[in-house]
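The chain contents come next:
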Amino acid sequence: MTSTAPILEVRNLSVLLGGRRGFLRKTVLPVQAVKEVSLDLHEGEILALVGESGSGKTTLGRTILGLQRESAGEIRLDGVRVDGQAPEAARRARRAIQYVHQDAGAALDPWWSIGRTLAEGLLIHGLKDKAERMRRVVEMLSAVGLDPVSARRYPHEFSGGQLRRVALARILLLQPRVLILDEPTSGLDMSVRATVLNLLLELRKQFSLTYLFISHDLSVVERLSDRVAIMHLGRIVEMGTSKTVFAAPTHSYTRTLLAAAPRLDGPRVASVEQTALLRARQRA
Ligand SMILES: Nc1ncnc2c1ncn2[C@@H]1O[C@H](COP(=O)(O)OP(=O)(O)OP(=O)(O)O)[C@@H](O)[C@H]1O
Ligand SMILES: [Mg+2]
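Residues numbered from 1 in each chain as written. Chains lettered and ligands numbered in written order. Predicted model: local features only at pLDDT ≥ 70, side-chain atom pairs only at ≥ 80, totals over all residues. Heavy atoms only, no water.

### Topic: the packing of helix 5 (residues 160-172) against helix 6 (residues 190-206)
At their nearest, the axes of helix 5 and helix 6 sit 10 Å apart, and the two run at 20 degrees to each other. The angle between helix 5 and helix 6 places the two elements in the roughly parallel class. Relative to helix 6, helix 5 is oriented so that their crossing is right-handed. Here helix 5 contributes Gly161, Arg164, Arg165, Leu168 and Leu172 to the contact with helix 6, which in turn contributes Val192, Thr195, Val196, Leu199, Leu200 and Leu203. When its residues are assigned to classes, the contact of helix 5 with helix 6 shows seven nonpolar, two polar and two charged. (Axes fitted to C-alpha atoms, helices over the stretch in contact; angles between N-to-C directions. Helix = DSSP H or I, 4+ residues; strand = E, 2+ residues; numbered from the N terminus. Parallel < 35°, antiparallel > 145°, perpendicular 65-115°, else oblique. Left-handed = near helix turned anticlockwise from the far one by under 90°. Contact = heavy atoms within 4.5 Å. Nonpolar A, V, L, I, M, F, W, Y, C, P; charged D, E, K, R; others polar.)

Here it is, written out as structure tokens:
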């Protein structure tokens with residue numbers, strides 16, 4: 001996998017947030033949320049981004065997407081520089097990268113049927129043929145495990161887990177190659193979480209996707225990801241295969257993080273979630 005050129009390359013990326021001349025001329029100093037971060041993402045892999053709250057994971061994700069401008073550094077998509085652009089141009093250049101945020105589903109218009117919302121996304125992206133739009137919507141609904149009649153339903157008629165599926169369908173219709181998944185299962189019940197994670201593994205295969213998977217849950221990360229990047233105070237302090245990082249963390253912060261988390265190799269009985277994931281991984 002690592003023999004091919006990376007789909008995404010990030011070099012020495014830094015991001016400053018929120019500096020301004022504030023009230024009564026007091027200056028609010030900018031926060032350097034991301035500090036000289038470098039990472040590669042290879043086609044088909046799952047790279048997990050782990051770190052405590054406020055360590056800069058979301059900011060890094062949003063900057064890679066082009067929603068937040070970098071203050072320094074380079075971003076390459078398929079070897080082509082996409083940094084240094086104004087927001088609109090940046091998003092256009094990076095359409096192959098899409099974001100699944102933790103409240104996926106919350107952004108759906110409550111007055112629109114799911115079918116209309118999904119079809120609208122295709123229309124915005126230039127698909128004029130209405131019948132073709134509906135065909136693709138129905139096809140995508142079944143790809144994410146929803147009944148095609150769901151197209152006629154409204155957001156309030158879906159459960160939390162189903163709404164995540166709708167949100168994934170909406171994003172996948174845009175034919176992304178890289179998904180930045182920001183805590184994609186937060187707020188879901190354990191059992192629903194497992195089904196959503198399994199769905200993500202299946203979709204990755206079916207649509208040849210590459211994931212940057214932001215998560216707090218180390219047990220999920222250990223099962224799901226090929227490589228792990230540990231983020232601390234805006235920097236990536238350790239990166240390696242999941243196996244190596246979990247078995248032999250080199251950075252003291254990683255050791256602290258792992259010591260604080262329940263581990264799979266302990267005497268604990270594997271949860272429903274872990275068992276389901278393990279099975280999915282073995283099938284994959
Ligand atoms: N709009 C903003 N203006 C100023 N500072 C911000 C802004 N957004 C975030 N920050 C700061 O940037 C740092 C990184 O925040 P970020 O949201 O990227 O962290 P995170 O790792 O995603 O945290 P969490 O796990 O809680 O989602 C934090 O110190 C945060 O307070
Ligand atoms: Mg975040």
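On we go from here.
### Topic: the site of ligand 1
Surrounding ligand 1, one finds 13 residues, the nearest of these being Ser53, Gly54, Lys57, Thr58 and Thr59. Backbone polar atom of glycine 54 to an oxygen atom of ligand 1: 2.8 Å apart, as the coordinates give it. The separation between an oxygen atom of ligand 1 and a polar side-chain atom of histidine 216 is 3.3 Å. Taken by itself ligand 1 offers 640 Å² of open surface, and the protein chains cover 59% of this. The set of elements that each furnish at least two residues to the shell around ligand 1 consists of strand 4 (31-41) and helix 1 (57-65). In terms of residues, the shell around ligand 1 owes the most to one element, helix 1, which gives three residues. Grouping the amino acids of the shell around ligand 1 by side-chain chemistry returns three nonpolar, eight polar and two charged. (Near = heavy atom within 4 Å. Polar contact = N/O pair within 3.5 Å; in protein donor to acceptor, adjacent residues only side chain to side chain. Areas by Shrake-Rupley, 256 points an atom, 1.4 Å probe, with all protein chains shown as cover.)

### Some thoughts on the sheet that holds strand 4
The four strands are arranged 4-1-6-7 in an open sheet whose pairing can be described as antiparallel. Edge positions in the sheet fall to strand 4 and strand 7 (80-81), since each has one partner strand and no second. As judged from the five bridges shared by strand 1 (residues 8-17) and strand 6 (residues 72-77), these two strands associate in the antiparallel manner. Pairing of valine 10 across the sheet is with isoleucine 75, part of strand 6. Strands strand 1, strand 4 and strand 6 of the sheet are contacted by helix 1, whose axis makes an angle of about 115 degrees with strand 1. (Pairing = 2+ DSSP bridges.)

### Examining the pairing of strand 6
In the case of a regular strand, side chains alternate between the two sheet surfaces. Here strand 6 pairs with strand 7 via two bridges, running antiparallel. Counted as the bridge partner of leucine 77 is valine 80 from strand 7. Where strand 6 folds back onto strand 7 in an antiparallel hairpin, the turn is made up of two residues, including aspartate 78, whose phi is positive at roughly 50 degrees.

### Side note on the packing of aromatic side chains
The tally for this structure, following the rule as stated, stands at zero aromatic pairs. Between the NZ or CZ atom of arginine 116 and the centre of the ring of tryptophan 112, over which it lies, the distance is 3.7 Å. (Phe/Tyr/Trp six-rings, centres within 6.5 Å; stacked < 30°, edge-to-face > 60°. Lys NZ or Arg CZ within 6 Å of the ring centre and 35° of its normal.)

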